[in-house]
Amino acid sequence: MGVITVYSGKGGVGKSTLARFLSISIAEQSEQGKKVCIIDTCQNSSIATGFLKDRDSFNVSAYDWLTGAAKPSEVIQKFRDNIYYIPSDERVDDYADWVKKNVPRPKQLDVLRNKLEPLTKMFDFVILDTHPNENSDVVNYSISASNFIVIPTDIDMDGIISAERSVELVSEYKEAGYQIDYGIVFNKVEHKGPKEKSLKQLEMFRNRLIENGIPEEKILGSIRYSQKVSTSKNEGIMLNDLKDVWSKNIMEDIRIISNKVFLRGKGASLND
Ligand SMILES: Nc1ncnc2c1ncn2[C@@H]1O[C@H](COP(=O)(O)OP(=O)(O)O)[C@@H](O)[C@H]1O
Ligand SMILES: [Mg+2]
């Protein structure tokens, strides 16, 4: 089973959106349909709302499963064939405190990795959506459980700096011997209006990342900006169900990225 974390220290860059579209893309691209489960570890519950469910409609959530109060089968929700998710709620933030009280210190960093073990028989991929806080222990549990970290950034300086810091965080794990890789995704790239300006900025930020020692192959691609992404979920429509050119373009952007993510993030460490 491949374990993929979507992380950036900056909010609003598209982590939850990308987690959702990666799951759709992974499930739809593979011939027999790879089974994928998104685990929401952010208290905003964007995965459930992105899948058009009321975030308050669940009796149990990721927190109950993480703390052993619920079995996986009780918290795993089905979105569509091959696409499942575990919703979160605001308690997920308290998980780190729970771990500190209940898990021996040397085992704390591995709590999530160990929780995922029973899921290896159920899913080909798990995608962990995170809260944007590098000091959060839950983020560190997620990274230490993963084969691959996807780092989305928007086209601005804050986003790029957050992406670079995220790379540094992943590098610490690499240096400590973890078999982990990462890729950066530019999100919300304007192809309309002042297109040239946006593409120039993209080029500038790309060069900056490379000058700062990030290998070019780690830049997985870019997803263009579309109003459709931010409004479709509110209208109860999934982007991959829309047939207009813009929605198709965005799904195409995501397919290119998802191909790389699931090739590199296949992972062997959690295979049984
Ligand atoms: N490519 C895109 N084009 C337009 N809007 C986007 C795009 N990606 C994400 N968004 C919107 O940006 C907002 C933040 O995205 P979200 O995935 O919730 O970010 P995060 O999880 O990093 O906080 C949401 O309203 C989302 O719909
Ligand atoms: Mg989010």
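Everything below is about the structure printed above this text.
### As for the site of ligand 1
Neighbouring ligand 1 are 15 residues; Gly-12, Lys-15, Thr-17, Asn-187 and Lys-188 lie closest to it. Take Val-13: an N or O atom from its main chain is 3.2 Å from an oxygen atom of ligand 1. One of the side-chain nitrogen or oxygen atoms of Asn-187 is found 2.9 Å away from a nitrogen atom of ligand 1. Protein contact buries 84% of the 570 Å² of open area that ligand 1 shows by itself. Cavity membership is defined here by more than half of the atoms lying within 2 Å of grid points; on that basis ligand 1 lies in the largest pocket. Take the shell around ligand 1: its biggest share by element is three residues, from helix α1 (residues 15-29). A per-class count over the shell around ligand 1 returns four nonpolar, eight polar and three charged.

### Some details on the environment of Leu-242
As for its position among the elements, Leu-242 is in the loop between α10 (227-232) and α11 (245-264). Of the residues examined, Leu-242 reaches a relative accessible area of 18% and is grouped as buried. When sequence neighbours within four positions are dropped, the list of residues in contact with Leu-242 reads Lys-228, Ser-232, Ile-237 and Ser-247.

### Remarks on the side chain of Asn-147
Here Asn-147 lies in the loop between α7 (137-144) and β6 (148-153). Reaching out from Asn-147, the side chain makes a polar contact with the backbone nitrogen of Val-3 at a distance of 2.5 Å.

### Overview of the state of the cysteines
Counted by the stated rule, this structure contains zero disulfides. Take Cys-37: it sits in no disulfide, and the sulfur closest to it among the cysteines is that of Cys-42, at 16 Å. Judged by its relative accessible area of 4%, Cys-42 is buried.

### Notes on the packing of aromatic side chains
Tallied over the full model, the rule gives eight aromatic pairs. Ring geometry for Phe-51 against Tyr-85: centres 5.2 Å apart, planes inclined by 50°, an arrangement best described as tilted. Residue Phe-51 is located in the loop between α2 (46-50) and α3 (62-66), and its partner Tyr-85 is located in strand β4 (residues 83-86); the two are separated by 34 residues in the primary sequence. You'll find Phe-51 and Tyr-85 in the same group, each marked buried. Consider the rings of Tyr-95 and Trp-98, whose centres lie 6.1 Å apart with planes at 20°: the pair is stacked. Placement of the pair is Tyr-95 and Trp-98 together in helix α5 (residues 95-102), with a separation of three residues, close to one helical turn. When the ring centre of Phe-21 is taken as origin, the NZ or CZ atom of Arg-20, which lies over that ring, is 5.1 Å away. Lying over the aromatic face of Tyr-182, Lys-218 brings its terminal NZ or CZ to 5.3 Å of the ring centre.

### Description of the side chain of Thr-5
Relative to the helices and strands, Thr-5 is located in strand β1 (residues 2-6). For Thr-5, a relative accessible area of 0% translates into the label buried. There is a polar contact of 3.3 Å between the side chain of Thr-5 and the backbone oxygen of Ser-142. Once residues within four sequence positions are removed from consideration, Thr-5 is found in contact with Leu-128, Thr-130, Ser-142, Ile-143, Ser-146, Phe-148, Ile-149 and Val-150.

Rules used throughout
Residues numbered from 1 in each chain as written. Chains lettered and ligands numbered in written order. Predicted model: local features only at pLDDT ≥ 70, side-chain atom pairs only at ≥ 80, totals over all residues. Heavy atoms only, no water. Near = heavy atom within 4 Å. Polar contact = N/O pair within 3.5 Å; in protein donor to acceptor, adjacent residues only side chain to side chain. Areas by Shrake-Rupley, 256 points an atom, 1.4 Å probe, with all protein chains shown as cover. 1 Å grid on protein atoms, 1.4 Å probe; cavity = no way out; pocket = protein on both sides within 12 Å on 5 of 7 lines; lining within 4 Å. Sits in = over half its atoms within 2 Å of the grid points. Helix = DSSP H or I, 4+ residues; strand = E, 2+ residues; numbered from the N terminus. Nonpolar A, V, L, I, M, F, W, Y, C, P; charged D, E, K, R; others polar. Buried < 20%, exposed > 50% of the residue type's maximum accessible area, 1.4 Å probe, protein only. Contact = heavy atoms within 4.5 Å. Disulfide = S-S within 2.5 Å. Phe/Tyr/Trp six-rings, centres within 6.5 Å; stacked < 30°, edge-to-face > 60°. Lys NZ or Arg CZ within 6 Å of the ring centre and 35° of its normal.

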